[in-house]
Amino acid sequence: MTYFPEEVVERIFDFLATHRDRNAVSTVCKTWYRVERLSRRSVFVGNCYAVRPERVVARYPRLRSLTVKGKPHFADFNLVPHDWGGFALPWIEAAARGCPGLEELRLKRMIVFDESLELLARSFPNFKVLVLISCEGFSTDGLAAIATYCRVLRELDLQENEMEDRGPQWLSCFPDSCTSLVSLNFACLKGEVNAVSLERLVARCPNLRTLRLNRAVSVDTLSKILARAPHLVDLGTGSFTIDHRAEAYHKLINNFIKCKSLRSLSGFWDATPRCLPAVYPICGNLTGLNLSYAPAIQGADLIKLIRQCSKLQRLWVLDCIGDKGLAVVANTCKELQELRVFPSDVYGEGIAAVTEEGLVAVSSGCPKLISLLYFCHQMTNAALITVAKNCPQFTRFRLCILDPGKPDPVTNQPLDEGFGAIVQSCKDLRRLSLSGHLTDQVFLYIGMYAERLEMLSIAFAGDSDKGMVYVLNGCKNLRKLEIRDSPFGDAALLEDVGKYETMRSLWMSSCDVTLGGCKTLAAKMPRLNVEVINEMDESDELEENPSDLHRVEKMYVYRTVAGPRNDAPDFVWTL
Amino acid sequence: MEEDFRKGEECPHLLDLIPNERDWMVKEVGGGGKGFGVIEEKKLELRLGLPGSEDWPAVMGKQEEHSVESALSLGHYKLCKTSGINPSSVGAKRGFFDTVESKTEVFQQQQQQHPGFLQLQAKGKDLSPKTNGRAEQQSLERKACGSSVAHGSAAAPSRNAAGANNSSQTSRTATTPVVGWPPIRSFRRNLASTSKPSLESENGGLETAIKPENGGKGLFVKINMDGIPIGRKVDLKAYDSYEKLPLAVNELFQGLLAAQRDPLAAGNQKNPEEKPAITGLLDGNGEYTLVYEDDEGDKMLVGDVPWDMFVSMAKRLRVLKSSELSASSLLQLGAVTRKRTAAEC
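- An unreviewed UniProt entry lists chain B under the name Auxin-responsive protein, from Phoenix dactylifera.
- Taken from UniProt, the Function (unreviewed entry) comment for chain B reads in full: "Aux/IAA proteins are short-lived transcriptional factors that function as repressors of early auxin response genes at low auxin concentrations."
- Listed under Subcellular location (unreviewed entry) in UniProt, the entry text for chain B is "Nucleus".

- Looking at an unreviewed UniProt entry, one finds chain A named Transport inhibitor response 1-like protein Os04g0395600 and attributed to Phoenix dactylifera.
- The UniProt entry for chain A carries the following comment under Subcellular location (unreviewed entry): "Nucleus".
- Per UniProt, chain A has the following entry under Subunit (unreviewed entry): "Part of a SCF (SKP1-cullin-F-box) protein ligase complex. May interact with auxin and auxin-responsive proteins."

## Some thoughts on the overall build of chain A
Then step 1. Looking only at helices and strands, chain A has 21 helices and 23 strands in total.
Then step 2. Across the 575 residues in chain A, those meeting the buried criterion constitute 63%.
Then step 3. For chain A, the proportion of contacts with a sequence separation of at least 24, taken over those separated by at least 6, is 72%.

## With respect to the overall build of chain B
Then step 1. A count of helices and strands for chain B gives 13 helices and five strands.
Then step 2. Going through the 345 residues of chain B one by one, you find that 54% of them count as buried.
Then step 3. Residue pairs in contact within chain B that sit at least 24 positions apart in sequence constitute 62% of those at least 6 positions apart.

## As for the nonpolar core
Then step 1. Grouped together as the largest cluster of nonpolar side chains are 187 residues, with contacts concentrated most on Phe240(A), Phe397(A), Ile446(A) and Leu506(A).
Then step 2. Here this core gets seven residues from one element, more than from any other, and that element is helix H18 (residues 440-449) of chain A.
Then step 3. When near neighbours in sequence (up to four residues on either side) are disregarded, Phe240(A) contacts Val219(A), Leu222(A), Leu252(A), Phe256(A), Phe268(A), Trp269(A), Asp270(A), Ala271(A), Thr272(A), Cys275(A), Ala278(A) and Val279(A).
Then step 4. Judged by nonpolar contacts, the second largest core, of 31 residues, contains Met225(B), Ala248(B), Phe310(B) and Leu317(B).

## A few points about the packing of helix H6 (residues 114-123) of chain A against helix H7 (residues 140-149) of chain A
Residues and elements named next belong to chain A.
Then step 1. Two numbers describe how H6 lies on H7: the axes approach to 8 Å, and their chain directions differ by 5°. Relative to H7, H6 is oriented roughly parallel. Counted together, Asp114, Leu117, Glu118, Leu120, Ala121 and Arg122 of H6 and Asp141, Gly142, Leu143, Ala145, Ile146 and Tyr149 of H7 form the full contact between these two elements.
Then step 2. Among the residues making up the contact of H6 with H7, the classes are represented as seven nonpolar, one polar and four charged.

## Comments concerning unusual backbone geometry
Then step 1. In this model, Trp181(B) is joined to Pro182(B) through a cis peptide bond whose omega is -5°.
Then step 2. As for its placement among the helices and strands, Pro182(B) is situated in the loop between helix H8 (166-174) and helix H9 (186-189).
Then step 3. Unusually for a residue other than glycine, Arg109(A) sits at a positive phi of about 55°.
Then step 4. Considering the arrangement of structural elements, one finds Arg109(A) in the loop between strand E3 (104-108) and H6.
Then step 5. Arg109(A) gets classed as buried once you look at its relative accessible area, which sits at 10%.
Then step 6. Unlike most non-glycine residues, Asn412(A) shows phi in positive territory, near 65°.
Then step 7. Position of Asn412(A) relative to the elements: it lies in the loop between strand E16 (396-401) and helix H17 (416-425).

Rules used throughout
Residues numbered from 1 in each chain as written. Chains lettered and ligands numbered in written order. Predicted model: local features only at pLDDT ≥ 70, side-chain atom pairs only at ≥ 80, totals over all residues. Heavy atoms only, no water. UniProt positions renumbered as here; feature names shortened; annotations may be inferred. Helix = DSSP H or I, 4+ residues; strand = E, 2+ residues; numbered from the N terminus. Buried < 20%, exposed > 50% of the residue type's maximum accessible area, 1.4 Å probe, protein only. Contact = heavy atoms within 4.5 Å. Core = buried A, V, L, I, M, F, W, Y, C linked by side-chain atoms within 4.5 Å. Axes fitted to C-alpha atoms, helices over the stretch in contact; angles between N-to-C directions. Parallel < 35°, antiparallel > 145°, perpendicular 65-115°, else oblique. Nonpolar A, V, L, I, M, F, W, Y, C, P; charged D, E, K, R; others polar.

As structure tokens, this is what we get:
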């Protein structure tokens, strides 16, 4: 291959689709390394502290698309202090200096300031795609900068961010010359937007295919927007309350009917059952449906709706759908690939909305089901074994039994056998979340069978260090391990320290790891950052001089070539 | 460190099991290797009561003493999250705690074995003579915990009908939230309560119903009680009025206080009624009074200003003996009239 001109090699590399493949070829020889890095268009950084932004930018000067992730996953559930880190600014600054051709930036769980967004908007003339997921630290002022300066913006996708609302004017900052929008999602925005500006924006962007409105947008505005943009494919409604007797309601239905391309619906804030029939005309075409923000829609109405959605591939609902509703899903949605059932009554006093029965029904009725997130009040081993037999093709299986540590209610046994059946049967399983009463046995099974497992979430499970050791020894492809409230201590942590360099990260909170154990790990493995997150004040009586025996409340370990980070707040100690 | 671990003994079992068991032969794997199964059972037994020092994997390993100590601290941790090391809102501790209780109870029925909570207390007493300050602290915590543990196990059977009726467990534990559980985003947590048929969309329903500008963060302030070395933290954002705060304070310190007063009796199963509740924190009638420090460092009586103002001002809380309120540093409190106006709502 060395005799090929580099242009040819570059062309060949174009056929490599995945990051992994491109990373692999870059290690073959110096020539390939050089060719690969100069032709690399897209880079994914799974942990923003694993490498310095300057290094990435220096290596890939022709970068067009950058994806960076910050906080550990458990930050979603408030287990990570808000100011732990994950700042976007260094990345944007480095890219501004080194990759002026950047077109796409995707950030997840990072802290993004308005100044960062402004810098972003001004630094890249060709900037097209901004996706912010679960980020925080910015406000509508930052969005205004993006709208103002990104002349060829195609995608502005804001998912589940915590952003401050400083007024509706940001939307009006899109110049009249902006006609390039393909995707606009501001569903997580808290405040109002100017309806007229919104309608005009939609009207002048003929390529708009995805539009997700926030709760502040009225049904009236929605109706008008639909009239202007009948070619929408993915719609997130705003507030979905309307008097079904009113004229406006009929107009809405008519506008929905015109949207022949509509394939995905979400939003439905404040939706009441009487309003739902407005979408009946398009249900038959839907491949995606998200009703998880509409707690007022209960079982019977959900069933009526779902009965008409025979092409559904992705369904997100609240557990008020009930086992009966899930049975209807099983009968109707034969194309279903992803199901998420969220809890509607978190501190629930009572009616168990979905149980193992619903899951079993879906598993037997939906042969294409590969991704599951299921919150329920109880689960049995028998059900899990049945599910495992019915659906050996699961790639993502996340089960959350709301009562931590709850056993099989029929047999009072731990759920080891059930989850064991899942991992044994689902050979392509990449992501698994456990719950219920579990002993070390389940981890033995996971270590034995879950060969493709990449991410494992453990809570309130296990009996001893053996559990964690089984997993570390067995799961060859493990990349992310996150554990909370489980009795794993230093022995497990230090069992195989080399393992952590093959993984992206390890999170342990409320386990039995001690400060001494963390220090030992840090000493043995210089290319890991061992962070101890210690939220106590210095003046707390017990914390004067934490001894090595002191149990560590939160620990985050990740491999890195960047060394200890220099932006850690006081309560984060990198050992 | 490895030499102290039991891992060495058990490795042959594990290696035997793993290559052989390719099919789903559940029972064999679980029970295969008699020693393994027996050890599992023992582990279950021990988990109920107390990690006995001889069977618990010695984490720090070097000395027998140390292993007992850390084993106990592990046991202490597992059974009782009321350690001062874990700052969390009141509800959090009880939630996990109750869960463990319910698990324990289920196992009781299975194995006909009384949980070794009494064992727990016994070990605590054994340790207390040790001069190691840490052991004393731990045993103190454990005794305190022990009383509340006992409290929990005494209360549990009365709340649960006989039999493994787990649905009632759901209702019991469900009312006492564990931090970060269930694993859903904040905005989903309050969906049911913030969803209104009206078009009122002040906060878009995506933030918790408490205060949008805070991003839904909790506001944890430290709280110390006279005579108790262990401080706690309380999440002021979890309450919306002065009503619940004294109850929370009571929850935090009741057990510790009882243990402080009567360490030997902490081993007995106490009903909650036997432990003196901490009352009258706000009205001046109780043995203790609740005060707070504001951002200027002044000590003020809790309850004098509207709740929201209090939350924004309070930097630290203290539970003081009412008899000591006349101490010099608190003279200013005596001058403050105890107005009970809109502050109560």
